[in-house]
Amino acid sequence: MQTLVGWHVEMEFNEEGDRTRAAAMVRLGDGTEIRGHGTARRHPTDSEQLRVGEEVAGARALMEIASLLLQKAHTEIDEDSGRTSHALM
């Protein structure tokens, strides 16, 4: 199997008190950059586990990117085919 293109993904986290914010960016093969953001908030009774906040906030940022990628793909399908496609997400 031959790889035709690769995507570059960057993630950054900012943790303040009980909040974690994540910013994600994926750079597609055509140079398009798609960005997503996510947040997590630790419940006051939970122990401090920064890794967990990063995982939750990071997952939410990537979910936003996934949704935007689906929208982009369906727009391209619609433009090429002249019909309306429907994303499953």
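So, how was this worked out
Residues numbered from 1 in each chain as written. Predicted model: local features only at pLDDT ≥ 70, side-chain atom pairs only at ≥ 80, totals over all residues. Heavy atoms only, no water. Pairing = 2+ DSSP bridges. Helix = DSSP H or I, 4+ residues; strand = E, 2+ residues; numbered from the N terminus. Axes fitted to C-alpha atoms, helices over the stretch in contact; angles between N-to-C directions. Buried < 20%, exposed > 50% of the residue type's maximum accessible area, 1.4 Å probe, protein only. Contact = heavy atoms within 4.5 Å. Polar contact = N/O pair within 3.5 Å; in protein donor to acceptor, adjacent residues only side chain to side chain. Patch = residues over 30% accessible without salt bridge, like charges linked within 9 Å, V, L, I, M, F, W, Y side chains within 5 Å. Areas by Shrake-Rupley, 256 points an atom, 1.4 Å probe, with all protein chains shown as cover. Salt bridge = Lys/Arg side-chain N within 4 Å of Asp/Glu carboxyl O.

Peer 1: Can you lay out the sheet that holds strand β3 (residues 33–41) for me, pointing to particular residues and giving the numbers?
Peer 2: Read across the open sheet, the 3 strands follow the order β1-β2-β3; overall the sheet is antiparallel. A single partner strand is all that each edge strand has here, and the edge strands are β1 (8–16) and β3. Within the sheet, the average angular offset between the axes of one strand and its neighbour, ignoring direction, is 15 degrees. Alignment of strand β2 (residues 19–27) against β3, held across 9 bridges, turns out to be antiparallel. The residue of β3 that forms the bridge with Arg19 is Arg41.

Peer 1: Account for the pairing of β3, naming residues and giving values.
Peer 2: Side chains of β3 alternate between two faces, with Ile34, Gly36, Gly38 and Ala40 buried and Glu33, Arg35, His37, Thr39 and Arg41 left unburied. Taking the residues that link successive antiparallel strands as the turn, the β2-β3 hairpin has 5 residues, and the phi of Gly31 there is positive, at about 90 degrees.

Peer 1: Mind laying out the environment of Glu10, listing which residues take part and the relevant values?
Peer 2: Take Glu10: it is sitting in strand β1. Take Glu10: its relative accessible area is 34%, and that puts it in the partly exposed class. Excluding anything up to four places from it in sequence, Glu10 contacts Ala23, Ala24, Met25 and Arg27. At 3.4 Å, the side chain of Glu10 and the side chain of His8 are in polar contact.

Peer 1: So what's going on with a nonpolar patch on the surface? Which residues, and what values?
Peer 2: Judged by side-chain polarity, Leu4, Val5 and Trp7 come together as a nonpolar surface patch covering roughly 390 Å² of accessible area. By the secondary structure assignment, Val5 is in the segment before β1.

Peer 1: Explain the pattern of salt bridges residue by residue, including any values.
Peer 2: For the structure shown, the criterion picks out 6 salt bridges. Look at the salt bridges and you will find they share partners, linking Arg27, Glu33 and Arg35 into a network.

Peer 1: Talk me through the side chain of Thr20; I want residue IDs and the actual numbers.
Peer 2: Tracing the backbone through its elements, the reader meets Thr20 in strand β2. Beyond its immediate sequence surroundings of up to four residues, Thr20 is in contact with Phe13, Asn14, Glu15, Gly38, Thr39, Ala40, Gly53, Glu54 and Ala57.

Peer 1: Tell me about the environment of Arg35, and please be specific about residues and values.
Peer 2: In this structure, Arg35 sits in strand β3. Remark: the alpha-carbon pair of Arg35 and Glu64, spanning 29 residues in sequence, is separated by 8.0 Å. Contacts of Arg35, omitting those with residues within four sequence positions, involve Ala24, Met25, Glu64, Ile65 and Leu68. A distance of 2.7 Å separates the side chain of Arg35 from the side chain of Glu33, its partner in a polar contact.

Scope: geometric values only; no functional claims are made or implied.
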